[in-house]
Amino acid sequence: NARASLSAQRINTRSNSRTRLPSPDELERITEHVEARPKNTLPMRDIVEFACTSAMRLGEICRIQIQDIDHAQRAVMVWNKKSPRMARVDQLVPLIPDAYNIVLRASQGRSEGPIFPYKPDTVGAAWQRACKALGIIDLHLHDCRHLGITNLFRRGLAIQNVAQVSGHADWKHLKRYTNLNARDFHNAFNEASK
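**Comments concerning the overall build of the protein chain**
Line of reasoning, step 1. Regarding its fold elements, the protein chain presents ten helices and three strands.
Line of reasoning, step 2. In terms of overall size, the protein chain behaves like a compact globule, its C-alpha atoms giving a radius of gyration of 18 Å where 194 residues would be expected to give roughly 16 Å.
Line of reasoning, step 3. Expressed as lengths along the three principal axes of its C-alpha atoms, the size of the protein chain is roughly 55 × 40 × 40 Å.
Line of reasoning, step 4. Split into buried and exposed, the 194 residues of the protein chain put 40% on the buried side.
Line of reasoning, step 5. Across the protein chain, contacts joining residues at least 24 apart in sequence account for 61% of those joining residues at least 6 apart.
Line of reasoning, step 6. For the protein chain, the accessible surface area stands at approximately 11,700 Å², while carbon and sulfur atoms represent 52% of it.
Line of reasoning, step 7. Considering the protein chain, the positive charge centre built from 29 side chains and the negative charge centre built from 19 side chains are found 8 Å apart.

This is how it looks when you write it as structure tokens:
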């Protein structure tokens, strides 16, 4: 009701969508910085690469259990996944080969428990400290989700296939996470023209 009232008064109630994507160099510098710290126990490279390839939120990544891996379908069950309407749903999320390989490596030798047994706040704080120490401006860990979704579109996947991974119910919500540029268009056009 409050949003409808503000909209009637022509007050914008929507947040600005982000277009910032991490570069490969920034991701490399951040993961190296975190993993080089004394007493570090975070496998930051695996967590960041998984975030970029699975397009999952950090909270979801830290909740996935080894027993939730569906090896036959190369997917993981994400329980209580956030959805655009703020409802929570359980969703079987397919993993691209790179993400599936990270899951296998991170869970190796264990049969149960979290794949990444770390608190999201701990991972997020390590990311923020690294960005600050390295002088990387305005880069959020959640931007890895944007990169993951954008890369799925760059690979030529249809909206409905990307939505299977991202959990978005419609294009309106999904397009906020899509940061394609002119080069992406020309690459897709040239690939389709072959």
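**Brief notes about the side chain of Glu-26**
Line of reasoning, step 1. Residue position: Glu-26 is located in helix H2 (residues 24-36).
Line of reasoning, step 2. Beyond its immediate sequence surroundings of up to four residues, Glu-26 is in contact with Arg-20, Leu-21, Ile-136 and Leu-139.

**Description of the sheet that holds strand S1 (residues 69-70)**
Line of reasoning, step 1. With respect to topology, three strands assemble into an open sheet ordered S1-S2-S3, the strand pairing being antiparallel. Of all the strands in the sheet, the pair left with one neighbour each is S1 and strand S3 (88-94).
Line of reasoning, step 2. Relative to strand S2 (residues 75-82), S1 runs antiparallel, the two sharing two bridges. Bridge assignment links Ile-69 to a residue of S2, and that residue is Val-76.

**Things to note about empty space enclosed by the protein**
Line of reasoning, step 1. If you walk through the whole model with that rule in mind, you get one cavity of 30 Å³ or more.
Line of reasoning, step 2. In this model, the largest cavity occupies a volume close to 60 Å³.
Line of reasoning, step 3. Taken together, Ile-47, Ala-51, Met-56, Arg-57, Leu-58, Ile-61, Leu-141, His-142, Cys-144 and Arg-145 make up the full set of residues lining the largest cavity.
Line of reasoning, step 4. Going through the elements one at a time, helix H3 (44-54), helix H4 (58-63) and helix H7 (143-154) are the ones with two or more residues in the lining of the largest cavity.
Line of reasoning, step 5. For the lining of the largest cavity, the class distribution of residues is seven nonpolar, one polar and two charged.

**Describing the pattern of salt bridges**
A side chain of one charge can pair with a side chain of the opposite charge when the charged atoms of the two come close.
Line of reasoning, step 1. Considering all chains together, one arrives at six salt bridges under this definition.
Line of reasoning, step 2. Across the pair Arg-45 and Glu-28 runs a salt bridge, and its minimum N-O distance is 2.9 Å. Of this pair, Arg-45 sits in helix H3 while Glu-28 sits in helix H2; the two residues are 17 residues apart in sequence, bridging distant segments of the chain.
Line of reasoning, step 3. What makes Arg-45 partly exposed here is its relative accessible area of 25%.
Line of reasoning, step 4. Taking the relative accessible area as the measure of exposure, Glu-28 reaches 32% and is therefore partly exposed.

**Remarks on helix H8 (residues 159-166)**
Line of reasoning, step 1. Within H8, burial applies to Val-162, Ala-163, Val-165 and Ser-166. For H8, the buried positions fall inside an angular range of 160° around the axis, keeping them on one side.
Line of reasoning, step 2. As for H8, its buried residues are in contact with H3, S2, S3, H7 and helix H9 (171-174).
Line of reasoning, step 3. Residue Gly-167 follows H8 closely and has a positive phi angle near 85°.

**Some points on helix H6 (residues 120-134)**
Line of reasoning, step 1. Between its first and last C-alpha atoms H6 spans 21 Å; for 15 residues at 1.5 Å apiece the expected length is 21 Å, and the two agree.
Line of reasoning, step 2. Residues of H6 that are buried: Val-123, Gly-124, Ala-126, Trp-127, Ala-130 and Cys-131. Projected down its long axis, H6 shows its buried positions confined to an angular sector of 160°, all on one face. Residues of H6 that are exposed and point over 90 degrees away from its buried face: Asp-121, Gln-128, Lys-132 and Ala-133.
Line of reasoning, step 3. Considering only its buried residues, H6 is in contact with H2, H3, H4 and H7.
Line of reasoning, step 4. Where H6 ends, the next residue or the one after it, Gly-135, has phi of about 70°, a positive value.

Calculation notes
Residues numbered from 1 in each chain as written. Predicted model: local features only at pLDDT ≥ 70, side-chain atom pairs only at ≥ 80, totals over all residues. Heavy atoms only, no water. Helix = DSSP H or I, 4+ residues; strand = E, 2+ residues; numbered from the N terminus. Rg over C-alpha atoms; globule rule 2.2 N^0.38 Å. Buried < 20%, exposed > 50% of the residue type's maximum accessible area, 1.4 Å probe, protein only. Contact = heavy atoms within 4.5 Å. Areas by Shrake-Rupley, 256 points an atom, 1.4 Å probe, with all protein chains shown as cover. Lys, Arg positive; Asp, Glu negative; His and termini not counted. Charge placed at Lys NZ, Arg CZ, Asp CG, Glu CD. Pairing = 2+ DSSP bridges. 1 Å grid on protein atoms, 1.4 Å probe; cavity = no way out; pocket = protein on both sides within 12 Å on 5 of 7 lines; lining within 4 Å. Points joined across faces, edges and corners; volume = space filled by probe spheres on them. Nonpolar A, V, L, I, M, F, W, Y, C, P; charged D, E, K, R; others polar. Salt bridge = Lys/Arg side-chain N within 4 Å of Asp/Glu carboxyl O. Arc of directions from axis to C-beta. Expected span 1.5 Å × (residues − 1).

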